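Breakdown of the fold
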Amino acid sequence: MRILQLHSNHIEYRPVEKEIPSAEECEQRKYRVEELIVLFTCVEKGDTVEVAQKAINDLKGYLDTVKSNRILIYPYAHLSSNLASPDDALRILKEMESHAKTLGIEVFRAPFGWCKEFSISIKGHPLAEQFRTITTGEKEGEIVSKALEAESKIKSHWLIMKLDGSMVPVEEFDFNGHEKLKIFTEYEISKVRAVQQVPPHVNLMRKLELVDYELASDPGNFRWYPKGRLIKSLIELYVTQKVIDYGGMEVETPIMYDLEHPSLASYLHRFPARQYILKSDDKEFFLRFSACFGQFLMVHDAQISYRQLPLRIYELTRYSFRREKSGELAGLRRLRGFTMPDVHAMCSDLEQAKQEFLKRFKMCVDTLQGFELTSNDYELAIRFTKDFYEQNKDFIISLVQSFGKPALIEMWDERFFYFVLKYEFNFVDNLNKASALSTDQIDIENAERYGITYVDEKGEKKYPYILHCSPSGAIERDIYAMLEKAYMEQQKGKAPSLPLWLSPTQVRVIPVSEQFFGAAEKLVTVLLEHEVRADWDDRPLTMQKKVREAEMDWVPYIVVIGQKEVDSGTLAVRDRRLAEDRKPGKVRTMKMDELVSEIKEITRGKPFQKLPLPTELSKRPKFYG
RNA sequence: GCCUCGGUGGCUCAGCGGCUAGAGCAACGGCCUCGUAAGCCGUGGAUCGCGGGUUCAAAUCCCGCCCGAGGCUCCA
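Let me begin by describing the structure that accompanies this report.

What counts as what
Residues numbered from 1 in each chain as written. Chains lettered and ligands numbered in written order. Predicted model: local features only at pLDDT ≥ 70, side-chain atom pairs only at ≥ 80, totals over all residues. Heavy atoms only, no water. Helix = DSSP H or I, 4+ residues; strand = E, 2+ residues; numbered from the N terminus. Buried < 20%, exposed > 50% of the residue type's maximum accessible area, 1.4 Å probe, protein only. Polar contact = N/O pair within 3.5 Å; in protein donor to acceptor, adjacent residues only side chain to side chain. Contact = heavy atoms within 4.5 Å. Pairing = 2+ DSSP bridges. Axes fitted to C-alpha atoms, helices over the stretch in contact; angles between N-to-C directions. Phe/Tyr/Trp six-rings, centres within 6.5 Å; stacked < 30°, edge-to-face > 60°. Lys NZ or Arg CZ within 6 Å of the ring centre and 35° of its normal. Parallel < 35°, antiparallel > 145°, perpendicular 65-115°, else oblique. Left-handed = near helix turned anticlockwise from the far one by under 90°. Salt bridge = Lys/Arg side-chain N within 4 Å of Asp/Glu carboxyl O.

1. Here's the deal with the side chain of E324
With respect to the element layout, E324 can be found in the loop between β15 (311–321) and β16 (337–347). When its relative accessible area of 7% is taken as the criterion, E324 is described as buried. Polar contacts involving the side chain of E324 include one to the side chain of R334, which spans 3.1 Å. Sequence-distant contacts of E324, defined by excluding residues within four places in its chain, comprise R274, L329, R334, L335 and R336.

In structure tokens:
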């Protein structure tokens, strides 16, 4: 509903002729009303009785402000191109009239369905002219809940699957030795609560100058400082490399799609309230919430033979957008704009899908390993329909056995999502919150919806099974998990750190005094030539202070250079990994090539990029703190 | 979205109706030229989140909004 609302000295109007057959009966004379609010009102498609009442309720405050209690409801179709039917419009307008009367407002209503002439005199004060758009606010939510209503009735059975393949209800499982699985299970089922505290990774991401909130954007859209950008970029390269090794074909697709596109609409309307909508001319676009759209549309248009299956297609979205409710956003854990690797596999039949699924399961474990996250750091959840379980018991058991720890099971009596089987690796953080990292699912619905087919041996078109996998989960969330894990280590008295291949500075060189600036710079040059990220501290501070700051930057190797090193040709290397129990890192004596080959060995197989910051610390701005 | 808590120099925080709004860190200037987690002195820097209201007087009390966190909910 749209209302042009005018605080007027008076209005005069006269019905001239009927515009539609269903026009209201009325006296064809001149009407005049003094000292009132004129509501030029346009009823739009989908407006309900609730909208009518809300329009009047909202108006009440305005009437008090301008100290008036007289209104004229004037039907005015010209405010929208999405009109309700005349019958509906009249019904809504009458509802406004009667609702206003019950609130004690003096109401006039101009006849509906007439071509009218009018003249009006409007007051000049700042609040005199207003335009309002009224919706129920819950409108979209209602569509969602209706779509999901049937689904929410379907019962989930919560179980734990042990390594021998047996399943017990969660209440009967002995969680001794599986504390994190217990926390995760409780989080999934009952949502237990934690203390009030800023998530540790939020402080760390800012102190380390990686990422920060951007107040000028929508909440949940972050700014990335050089060090954070480097880390994110390295992870992006790393995950992409993993997927290409597995056989993924990397593509790139648009971030926005036509809201009215036929194959997108049905998928989309399941969750209509979570989109960013973008207007361009008179069209509306939504920002993608996953890579599915672009890839499915691309595969839809492709000629695919059974010989080419499984067909793996991959994109790393920068970004995917989900307009999560504001209360759900939390640091890097839950964002509105995030980076998501997404690899789909089209498989000919269930047998092929299962084999492929297993292969990808291993890829996921392997990918997280690169972040130094192992099965000790996350919990497996598997979700499936009862039917699927009955027919594929051994397969599901093999997943749990391959994982090596008991897993949380959610089993449904009936299928209500588009998938029959899904798993995630869930990270449990310092606040006992769980969030999914890697995930994969077997989708039996979307091939048909998107018209994705392949040609089988007999020359017939068939719908493939589609697997949806994110081997790492959102990149931001990987960083969240690493920072949260580092914080846990710190609580245990260890030095928190990032994996060496992700450390923005791998080697920090600290000259003992200005006399050794030249030597320090030379060391850095050599390290850079070997593709080691090195920098040196040329600021006018004491050496002790520089060591301290390097430690607070989580620099893995700190090399102090003075007369001794210049004379001996060796390096004094303070090794962060050797720090224990809040004691400073041990200093090792090493040759340059030993240090380089140690770093090369530890970072082998991982991507490398230069640090996008000056190598002299004095030339770096402080982005935070 | 709802409920609760918070927002004070770049950062962390103190002040919670009444002197010119403070401290530490950081920045800047100078001294110091240093051997593995904070050297010393000085200078500049604040529309107290934004808007409105109450009051002789508002960072402080009230209302609305914005941002963050926690809870509820949600997580394709």
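Read on, since the account is not over.
2. Comments concerning the environment of R70
Of note, R70 is situated in strand β3 (residues 70–75). We classify R70 as partly exposed; its relative accessible area is 25%. A sequence separation of 334 residues divides R70 from G404, and the C-alpha atoms of the two residues are 74 Å apart. Excluding residues that lie within four positions of it along the chain, R70 makes contacts with V33, E34, E35, L36, I37, E106 and F108.

3. Regarding the sheet that holds β16
Sheet architecture is open: 10 strands sit in the order β8-β7-β18-β17-β19-β20-β23-β16-β15-β11, paired in mixed fashion. In this open sheet, the two edge strands, each paired with only one partner strand, are β8 (167–169) and β11 (249–250). Summarising the sheet, β16 and strand β23 (residues 465–470) pair through 5 bridges and their orientation is antiparallel. Among the inter-strand pairings, H344 is bridged to a residue of β23, identified as H468. Against the sheet, helix α9 (residues 350–369) makes contact with β15, β16, β17 (378–385), β19 (419–428), β20 (434–443) and β23, and its axis sits at roughly 5° relative to β23, the strand it touches most.

4. A few points about the packing of aromatic side chains
Taken as a whole and assessed by the stated rule, the structure comprises 32 aromatic pairs. Note on F173 and F175: the rings are 4.9 Å apart at their centroids and 80° apart in plane angle, and the pair reads as edge-to-face. Each residue in the set F357, F361, Y378, F395, F403, Y423 and F425 is aromatic and connected to the rest through ring pairs, giving one cluster. Looking at K600, its charged tip hangs above the ring of F608, at a distance of 6.0 Å from the centre.

5. What about the packing of α9 against helix α11 (residues 393–403)?
Across the interface, α9 lies against α11 with an axial gap of 11 Å and an inter-helix angle of 15°. As far as their axial angle goes, α11 and α9 are roughly parallel. Judged by the sense of rotation from one axis to the other, the crossing of α9 with α11 is right-handed. Of the residues in α11, those in contact with K354, F357, L358 and F361 of α9 are F395, S398, L399, S402 and F403.

6. Side note on the sheet that holds strand β24 (residues 507–511)
The sheet built from 5 strands is open, its strands ordered β25-β24-β26-β27-β28 with mixed pairing. The open sheet has two edge strands with one neighbour each: β25 (534–536) and β28 (586–590). Between one strand axis and the next, the sheet turns by 30° as a mean value, whatever way the strands run. Pairing analysis gives 3 bridges linking β24 to β25, with the strands arranged parallel.

7. Focus: the pattern of salt bridges
Where charged atoms from two side chains of opposite charge approach closely, those side chains can pair. Tallied over the entire structure, the rule returns 52 salt bridges. The salt bridge involving R588 is made with D575; its shortest N-O contact spans 2.7 Å. Of this pair, R588 sits in strand β28 while D575 is found in strand β27 (residues 571–575), placing the two residues 13 residues apart along the sequence. Judged by its relative accessible area of 2%, D575 is buried. Put simply, E601 and R604 hold a salt bridge, and the shortest N to O gap is 3.4 Å. The structure contains a network of salt bridges with shared partners spanning E12, K30, R32 and E34.

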